[in-house]
Amino acid sequence: MPRRTILTERQREALFGLPADEDSMLRHYVLSDEDMQHVKTRRRPGNRLGFALQLCALRYPGRLLQPGEFIPDPIIKFIGAQLGLSKSDLADYAERRQTRYQHSVSLQNLYGYRTYQASDLDFAQWLASAAEQAHSNEGLAREVVAQMRLRRIVVPAPSTVERLCADALVAADNRISRRIADRLDNTTVDRLTALLSETTVTGVTRFVWLRQHEPGSNSRVVNGLLDRLERIVDLELSPSLLQGVPSHRVARLRRQGERYYADGMRDLPTHRKLAILVVCGVEWHGAIGDAIVETHDRIVGRLYRASERFRDDQINDQRALIQQTLKTFSEVGASIIAAREAGEPVDTAIEQDCGWEVFNRLVEDATAVNAKVGADPLDFVNSGYARFRRYAPRFLNTLAIEGAQSAGPILKAINALQQLNRSNNRGLPNNLPIAFARPKWRKRLQRTDRRTWETAILFAIRDAFRAGDIWLKNSRRYAEPSKELIPVNAVATSSALAVPLDPLDWLTQRKQVLAQAFEATGEAARRDRLPNGLIQDGVLKLSKLEKQAPDNAHQLVMDLYRRVPQTPVTDILLSVDREIGFTEAFTDLRTGAPCRDQIGLLTVLLSDGVNLGLRKMGAVSTTHSFWELLRISRWHVQDDGYRQALAMIVDAQSRLPMSKVWGPGESASADGQFFRASGPGKAMNVVNRRYGIDPGIKGYTHVSDQYAPFSMQAIPATAHEAPYILDGLLSNDAGRRVKEQYADTGGFTDHVFAMCSLLGYRFAPRIRDLPAKRLYAFNPSEVHKTLRPLVAAKINEDLIVRNWPDILRLSASAAANTVKPSQLLKRLSAYPRQNELAVALREIGRVERSLFMMQWMLDAELQQRVQMGLNKGESHHALKRAISFHRRGEIRDRSSEGQHYRIAGMNLIAAIIIYWNTKKLGEIVETLTNAGEAPNPDLLPHVSPLGWEHINLTGEYHWPDA
């Protein structure tokens, strides 16, 4: 039987190798008094040192030393120093095999170790359970070795451990598949298997058709999604079919279903095929429902924006009439004023100037013009009624909409509309429910027609889904909010919260800090000692920040980069992978094994990163065809792989000496970058007028003070950036190490200020219109008189105290990633204005924003720090534009997953280049220092690892030794 391998050589060495770094040796290889007694019973110095080495290896990593094994010098020196022995004393130990064997037996007897036995049922049961819970092959191997150490089982040879893990993983896959398949009745089995044979009018199987459920922006897309949802509902698959299956196993089976075509599915074992179909059916039920709600949201948004444009066009069309009307009124008004001053009758002035008939017509024109100028876009939304009617009845009947008690009015309105739809009654009964409507709508519903009332309901449904007042069963994005949050009793055990559990304690502390800030800032303003600013006549004025980089910094940058060798991007990818092994993160979706085709995988990652695509990459690649690249991409390139690979590179870059020049990795900036897309209506593509008339998406990146892009998200071009701040910070270890987070004006809201403070992050945005912002105080009357004109209102303490438990629960849930922070923040911003939780969180945010604003006024260093941090983030844009240059930077993937991979690939290539530049720059600086030509240390922080002129990003992609 061929050897079954699940680990790479690097992973194997990390798991079974002897650790030679000082921290590990201090943790594992310090001998106790008991150890020293046992060691001293050996007569010869070599035997004592050899015995101690065997003992240490047995403890960690948990195995016996092998004959002829090379032992790193630092380990020999570390253990020898404890025994008063040296490496030379070990020379004759390796000569007598019998002595080594006797020592290993003695050690096992003395310390209670035993050899591994396949008949150990207790360990076998543990392994079976661990295999089901394992997220990766490497993770299971680590758990197995750790468990053997815990049980004092001598860790067998790596090949034995790998075989154990491989067998356990295969058995776990089969058990889980059979567990799901055995819960199905014959009727359900027939329905599921039919999906692989039935075809649609377009020739694709029902199975492939069902997984094509991207959101769109028109009624045709909604109806197509409703067709799919109805087919899923007809399968009658209960979520209980997946009970007892770990969530990551469910996700893995779903991803496999999204990769297989029907032919591949039919060739699978029956239990595995059925398990994948069940998982896909249950998961797609929620995903399709989410896509329907998202598409409805977009339709409502497009209709409102179209109504705004129609209103604006009407005003523009009336521009000449408005000007003429104002001119005439001005002339008539002047005549009336002149007549009054002369003591003449006013009516005589009107008669002489234009006549009453013209004047009456002028008043009518003015009234009509005023109505158009003051029109609300909602006055024109009925124009979209026809598109709503194409899908709204099915939309309401098919989706299982539920709601909280506060959603009673909208649920009542939905029920009334459903009854009208079923009765085919075109008229409207009396006493239609209108309590669901917000004030702008309600005045339009007093004397209404069906179009207005129904349109108002569909608008309200959009708002209620956004706010979480209504939800869908089995949904991912629009799930019941209370089920997404951690239990109340779990809040007290959360280590992520940076505030006390008692709101009164928080208020006491914040009152004191805010009072001190008001006093210090007010006094500094009174004495005209605010750096870069002053308060004059109750108005804050800030001056522009001065340039930060010294003039001769640019010269140093150019000199260092001239010394960096010209290198093809392919060489850089290979070099960095040999050092870090980031390709190990991209495992086979079916087996979990790392990809064995390193060059092929790197070619796929490069095709994503430079925006070339697999087909064109296959044409210019000298090693792989399109079909080979497609196979690797389909089964190895996943979102989890991109995240893990990025984390490996960011962590490795943070350990390079040169990275410490730029910062300790404890601050970060976040900013969005716009990328044009192939057209509207595909995935997240929407038009943001700020970036022109082309549709597109944004890549929202978090960059550490060491220039590492540790998080990047693909978000809609029209999305407000602020909700995504915490996503990047809480999604990985690099983000959790951040203490101070910078953002531009678009990245802040009071809710973000509040959440960052609650979770221990210092939020420091650069607020463009900061002088126009207002301060808030607990006692405005006690504020320093210089700052009193800047205070807008009093903080509502009672509101904060009343909602404190829910605020803590919200924050702890975001930190635990039970729900994405961006979803929570978007939901809070969509709440009606009177919602207590949203308002209470805003009050906390006002406290934190007021403190930040006053610190900004006082602290010039903070201003410079924020400016420098944001500059680091913004300077990434040029590098990423250079990387993603194919198709002129236009992302043409039609699916949100494909677009995400392009964004993730580009960010990964950028991180690799930054790591490589950091290493090369560090080597150059070290060489210059050793030669007595050390660069000015004050200038080094102004050197960045973002250069790319020395990197060949274009042309054919040749791989060395390929």
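From a predicted model like this one, the values you see are computed outputs, not experimental measurements. (Residues numbered from 1 in each chain as written. Predicted model: local features only at pLDDT ≥ 70, side-chain atom pairs only at ≥ 80, totals over all residues. Heavy atoms only, no water.)

Overview of the overall build of the chain
As a reminder, the rule being used: What counts as a helix is a DSSP run of H or I of at least four residues, what counts as a strand is a run of E of at least two, and both are numbered from the N terminus. Only protein chains enter the accessibility calculation, which uses a 1.4 Å probe; a residue whose area is less than 20% of its type maximum is buried, one above 50% is exposed, and one in between is partly exposed. For the area figures, the Shrake-Rupley method with a 1.4 Å probe applies, and any residue is considered shielded solely by the protein chains shown.
Within the chain, the secondary structure is distributed over 40 helices and 16 strands. With the C-alpha coordinates of the chain rotated into their principal frame, the extents come out at 130 × 80 × 60 Å. Counting across all 962 residues of the chain, residues that qualify as buried make up 54%. If you sum the accessible surface of the chain, you get close to 44,700 Å²; carbon and sulfur atoms cover 49% of it.

Some words on the packing of helix α25 (residues 503–526) against helix α36 (residues 797–816)
Here is the rule we go by: Angles run from 0 to 180 degrees between N-to-C directions of axes, and those axes are lines fitted to C-alpha atoms, restricted for helices to the stretch in contact. Left-handed describes a crossing whose near helix is turned anticlockwise from the far helix through less than a right angle; right-handed describes the clockwise counterpart. The contact rule is simple, with two residues in contact once any of their heavy atoms fall within 4.5 Å. Residues are grouped as follows: Ala, Val, Leu, Ile, Met, Phe, Trp, Tyr, Cys and Pro are nonpolar; Asp, Glu, Lys and Arg are charged; every other residue, Gly included, is polar.
Viewed as axis vectors pointing N to C, α25 and α36 meet at an angle of 145°, and their least axial separation amounts to 9 Å. Both α25 and α36 take part in a crossing whose hand is right-handed. Listed contacts from α36 to P503, L504, W506, L507 and K511 of α25 are E797, I800, V801 and W804. Considered class by class, the residues forming the contact of α25 with α36 number seven nonpolar, no polar and two charged.

Some details on the environment of L573
Relative to the elements of secondary structure, L573 occurs in helix α27 (residues 569–580). C-alpha separation for the pair L573 and I909, spaced 336 residues apart in sequence, amounts to 8.1 Å. Setting aside anything within four residues of it in sequence, one finds L573 in contact with F582, L602, L606, I909, I912 and W959.

Description of the confidence of the model for the chain
Stated precisely, the cut-off is as follows: On a range of 0 to 100, pLDDT expresses the predictor's confidence in each residue.
Looking at the chain as a whole, the pLDDT averages 88, with 93% of positions reaching at least 70. Below pLDDT 50 for its whole length, residues 680–685 participates in 28 contacts with residues either more than four positions away or in separate chains.

What to know about the layout of surface pockets
In this approach, a probe sized like a water molecule rolls over the atoms, and the result shows the empty space that is left. Applicable threshold: Cavity: a set of points on a 1 Å grid over the protein atoms alone where a 1.4 Å probe fits but cannot get out. Pocket: an open set with protein on both sides within 12 Å along at least five of seven lines, its lining residues, like those of a cavity, having an atom within 4 Å of a point. Grid points are joined across faces, edges and corners, and a volume is the space filled by probe spheres set on the points.
Reported here for the second largest pocket is a volume of approximately 670 Å³. Together, 26 residues line the second largest pocket, and V557, Y707, H942, V943 and S944 are the ones closest to its centre. Counting only elements with at least two residues in the lining of the second largest pocket, the list comes to α26 (553–562) and α39 (860–883). Taken together, the residues of the lining of the second largest pocket sort by class into 14 nonpolar, eight polar and four charged.

Regarding the packing of aromatic side chains
Going by this rule: Pairing of aromatic rings covers Phe, Tyr and Trp, the last through its six-membered ring, and needs centres within 6.5 Å; plane angles under 30 degrees mean stacked, over 60 mean edge-to-face, and all others mean tilted.
Scanning all chains against the criterion turns up 20 aromatic pairs. Ring centres of W506 and W804 lie 5.4 Å apart, and the angle between their planes is 40°; this geometry places the pair in the tilted category. Of the two residues, W506 sits in helix α25 while W804 sits in helix α36, which places them 298 residues apart along the sequence. Grouping residues by exposure puts W506 and W804 together as buried. Clustering of aromatic rings is evident, with ring pairs tying together F388, Y391, F395, W441 and F459.

Focus on the side chain of R12
Our working rule: Each polar contact in these results corresponds to two N or O atoms within 3.5 Å; when the atoms are within protein, one needs to be able to donate a hydrogen and the other to accept it, and residues that are neighboring in sequence are counted only if both atoms are side-chain atoms.
Mapped onto the elements of the fold, R12 is located in helix α1 (residues 9–16). In terms of polar contacts, R12 uses its side chain to reach the side chain of E162, at 2.6 Å.

Focus: the pattern of salt bridges
Put simply, the test is: In the sections that follow, a salt bridge refers to a side-chain nitrogen of Lys or Arg positioned within 4 Å of a carboxyl oxygen of Asp or Glu.
Applying the stated criterion across every chain yields a total of 53 salt bridges. For the salt bridge of D559 with R562, the shortest nitrogen-to-oxygen distance reads 3.8 Å. A residue pair is termed a helical-turn pair when its members lie 3 or 4 positions apart in one helix, as D559 and R562 do in helix α26 at three residues. Overall, the relative accessible area of 61% leaves R562 in the exposed class. R902 is the partner of D608 in a salt bridge, and the nearest nitrogen-oxygen pair spans 3.6 Å. Note that D608 is positioned in helix α28 (residues 598–609) and R902 in helix α40 (residues 896–930), a separation of 294 residues in sequence. Both residues of the pair, D608 and R902, count as buried.

Some points on the pairing of strand β8 (residues 667–676)
Put simply, the rule is: When DSSP finds two or more bridges between two strands, those strands count as paired.
With nine of its ten residues buried, β8 lies for the most part within the structure. Note that β8 and strand β10 (residues 695–704) share nine bridges and pair antiparallel. Its bridge partner lying in β10, R676 is registered against G696.

Some remarks on α39
Our working definition: A helix's residues, less one, multiplied by 1.5 Å, set its expected span.
A rise of 1.5 Å per residue sets the reference length of α39, with its 24 residues, at 34 Å; its end C-alpha atoms lie 36 Å apart and thus fit the reference within 8%. Its side-chain oxygen at 2.9 Å from the backbone nitrogen of E861, D859 defines the N-terminal cap of α39.

Describing empty space enclosed by the protein
Enumeration over the complete set of coordinates arrives at four cavities of 30 Å³ or more. Empty space within the largest cavity amounts to approximately 80 Å³. In this structure, the largest cavity is lined by D173, I176, S177, R249, R252, L253, Q256, R272 and R590. Of all elements in the fold, only α9 (158–181) and α13 (247–257) reach the threshold of two or more residues within the lining of the largest cavity. Considering every element that reaches the lining of the largest cavity, the biggest residue donor is α13, with four residues. Considering only residue class, the lining of the largest cavity consists of two nonpolar, two polar and five charged.

Some points on a positive patch on the surface
This is how it is decided: In this scheme, patches are assembled from residues that exceed 30% relative accessible area and form no salt bridge. Like charges are connected within 9 Å, while nonpolar side chains (Val, Leu, Ile, Met, Phe, Trp, Tyr) are connected within 5 Å. In summary, the charge assignment counts Lys and Arg as positive and Asp and Glu as negative, without counting His or the chain termini. Throughout, a charge is located at the NZ atom of Lys, the CZ atom of Arg, the CG atom of Asp or the CD atom of Glu.
Side chains of R302, R305, R309, R387 and R390 sit close together on the surface and give a patch of like positive charge. With three residues, helix α15 (residues 270–317) is the single largest residue contributor to the positive patch. One can find R302 in helix α15. Residue R302 is classed as partly exposed on the basis of its relative accessible area of 40%.

Comments concerning the pairing of strand β12 (residues 740–743)
The alternating pattern of β12 places E740 and Y742 on one face and Q741 and A743 on the opposite face, and all of these are buried. Bridge analysis of β8 against β12 gives four bridges, and the strand direction is parallel. Among the inter-strand pairings, S667 is bridged to a residue of β12, identified as E740.

As for helix α38 (residues 836–858)
End to end, α38 covers 33 Å across 23 residues, agreeing with the expected 33 Å (1.5 Å per residue, within 8%). For α38, the tally of buried residues reaches 19 of 23 residues, placing the bulk of the element in the interior.

Comments concerning unusual backbone geometry
That bond from Y60 to P61 is cis: its omega, 15°, falls within 30 degrees of zero. Looking at where P61 falls in the secondary structure, it is placed in the loop between α4 (45–59) and α5 (73–83). Its identity as a non-glycine residue notwithstanding, E236 has a phi of 55°, on the positive side. Positionally, E236 belongs in the loop between α12 (219–234) and α13.

Some points on the side chain of Q638
Within the fold, Q638 resides in the loop between α30 (626–636) and α31 (639–654). In this structure Q638 touches R255, R259, F586, L589 and Y901, once residues within four positions along its chain are discounted.

Some words on the environment of S495
Position of S495 relative to the elements: it lies in the loop between α24 (481–484) and α25. Taking relative accessible area as the criterion, S495 reaches 76% and is therefore assigned exposed. Here the alpha-carbon distance between S495 and A812, two residues 317 residues apart in the chain, equals 8.6 Å.

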